[in-house]
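Residues per chain, in single letters:
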Amino acid sequence: SVPAIMATRTLSSERDRKMTILLTPFMSCSAKILIYTTIAGAFFEPQYRWLVLVGLYLFGIICGILYSLILKVTVFHGEPVPFVMELPNYRMPSPKSVFLLLWEKARDFLQRAFTVIFIATIIIWFLQSFDTRLNVVDDSADSLLAMIGKFIAPIFKPLGFGDWRAVTALISGFTAKEAVVSTLSVLMNTGTAQLGSVLPSLFTGLSAVSFLVFTLLYTPCVAAGATIKKELGSRIKTVGVVFMQCAVAYIASFIVYSVGGLFV
């Protein structure tokens, strides 16, 4: 998501650029594949697991299209600007030019993304390692992060996963989406490879699908959030994007769980 959001600078229309930034998080990033494969492997037969992954990607695209239609008639109403790009004469670049360009873009990416990830990782580590008295915990269930998860867990009960461990994993996912799986393995007292065998004690089949939908749509990681803030130039707008993503994820997950409950 980070390079995709940064690439919106090439759009000449400010309207199209902002709309593209808002829609990019709906496209599932590769970091979420670990979540999809772990949960799909625990609850679905091998011949149907690929359908789960394809269905999630298509569902994200559909949600993005629906959200774009809503934006077109509300915030970004008006006629779109025609897309015209003047193509330059193509020439073979010199190795030096390629190296300098790659170094400049890579350095910009590392500075913007990984500094934020590093700070967020330290915060999550602190919350997961200490209790309210700042004592090092032996069990993550006694940590500050678990306490926060237990406090907000009732909010997710209508979605089918009101267990504090699932909520705590979602909070860890703000640093990087693959952290959801590692956090679940720690809280379930098992290794990542064996996590699929114990997940049925945390989710039902329907609540697992609801959890997958929520992880698909809820706010992107802090690196993407920092990039959104840089491109939009406003901290308030960035917070609005985060809450918007969480609201869309909550509504979609609630609909999936409620409608699925009628057939299960």
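Structure's up top.
Residues numbered from 1 in each chain as written. Predicted model: local features only at pLDDT ≥ 70, side-chain atom pairs only at ≥ 80, totals over all residues. Heavy atoms only, no water.

J.: Explain the nonpolar core to me, using residue names and the numbers behind them.
T.: Formed by 60 residues in total, the largest nonpolar core has its most connected members in Ile35, Phe161, Phe203, Phe211, Phe214 and Leu217. With 7 residues, the top contributor of residues to this core is helix H10 (residues 205-217). With sequence-adjacent residues up to four places away left out, Ile35 is seen in contact with Lys177, Val180, Val181, Phe211, Leu212 and Thr215. (Core = buried A, V, L, I, M, F, W, Y, C linked by side-chain atoms within 4.5 Å. Buried < 20%, exposed > 50% of the residue type's maximum accessible area, 1.4 Å probe, protein only. Helix = DSSP H or I, 4+ residues; strand = E, 2+ residues; numbered from the N terminus. Contact = heavy atoms within 4.5 Å.)

J.: Could you give me a rundown of the packing of helix H3 (residues 33-43) against H10, with the residues and numbers involved?
T.: Relative placement of two packed helices is described by the angle separating their axes and the distance separating the axes. Contact geometry of H3 with H10 gives a least axis separation of 10 Å together with a crossing angle of 170°. Overall, the two elements H3 and H10 adopt an arrangement that is roughly antiparallel. Residue-level contacts link Ile35, Tyr36, Ile39 and Phe43 of H3 to Gly205, Ala208, Phe211, Leu212, Thr215 and Leu216 of H10. Of the residues belonging to the contact of H3 with H10, the class tally is 8 nonpolar, 2 polar and no charged. (Axes fitted to C-alpha atoms, helices over the stretch in contact; angles between N-to-C directions. Parallel < 35°, antiparallel > 145°, perpendicular 65-115°, else oblique. Nonpolar A, V, L, I, M, F, W, Y, C, P; charged D, E, K, R; others polar.)

J.: I'd like a description of the side chain of Thr168, backed by residues and values.
T.: Counting through the fold element by element, Thr168 comes out in helix H7 (residues 164-172). In this structure Thr168 comes out as buried when scored by relative accessible area, which is 2%. Those residues in contact with Thr168 that lie beyond four places of it in its chain are Leu145, Ala146, Gly149, Thr183 and Leu187.

J.: Before we move on, could you go through the layout of surface pockets and cite the residues and values that matter?
T.: A volume near 490 Å³ is recorded for the largest pocket. Lining the largest pocket we find 24 residues, and of these Phe174, Thr219, Val242, Phe243 and Cys246 sit closest to its centre. If you list the elements that add at least two residues to the lining of the largest pocket, you get H7, helix H11 (222-232) and helix H12 (235-261). When residues of the lining of the largest pocket are assigned to their parent elements, the largest contribution, 8 residues, is made by H12. (1 Å grid on protein atoms, 1.4 Å probe; cavity = no way out; pocket = protein on both sides within 12 Å on 5 of 7 lines; lining within 4 Å. Points joined across faces, edges and corners; volume = space filled by probe spheres on them.)

J.: Quick rundown of the pattern of salt bridges? Include the residues and the values.
T.: Summed over the entire model, instances satisfying the criterion amount to 5 salt bridges. Here Arg9 and Glu231 are joined by a salt bridge, their closest N and O atoms 3.0 Å apart. Of the two residues, Arg9 is situated in the loop between helix H1 (2-6) and helix H2 (14-23) and Glu231 in helix H11; the sequence distance between them amounts to 222 residues. By relative accessible area, Arg9 is classed as partly exposed at 43%. Taking relative accessible area as the criterion, Glu231 reaches 10% and is therefore assigned buried. The partner of Asp16 in a salt bridge is Arg15, and the shortest N-O contact between them spans 3.1 Å. Note on Arg15: relative accessible area 16%, which makes it buried. Sharing partners across several salt bridges, the network here consists of Arg9, Glu14, Arg17 and Glu231. (Salt bridge = Lys/Arg side-chain N within 4 Å of Asp/Glu carboxyl O.)

J.: Describe the environment of Phe161, and please don't skip the residues or the numbers.
T.: Within the secondary structure, Phe161 is located in the loop between helix H6 (144-152) and H7. Judged by its relative accessible area of 1%, Phe161 falls in the buried class. Taking the C-alpha atoms as reference points, Phe161 and Met19, separated by 142 residues in sequence, lie 32 Å from one another. Those residues in contact with Phe161 that sit more than four places away from it in its chain are Phe156, Ala166, Val167, Leu170, Phe203, Ser207, Ser210, Phe211, Phe214 and Ser253.

Everything listed here is a matter of coordinates, which is why it stays silent on function.
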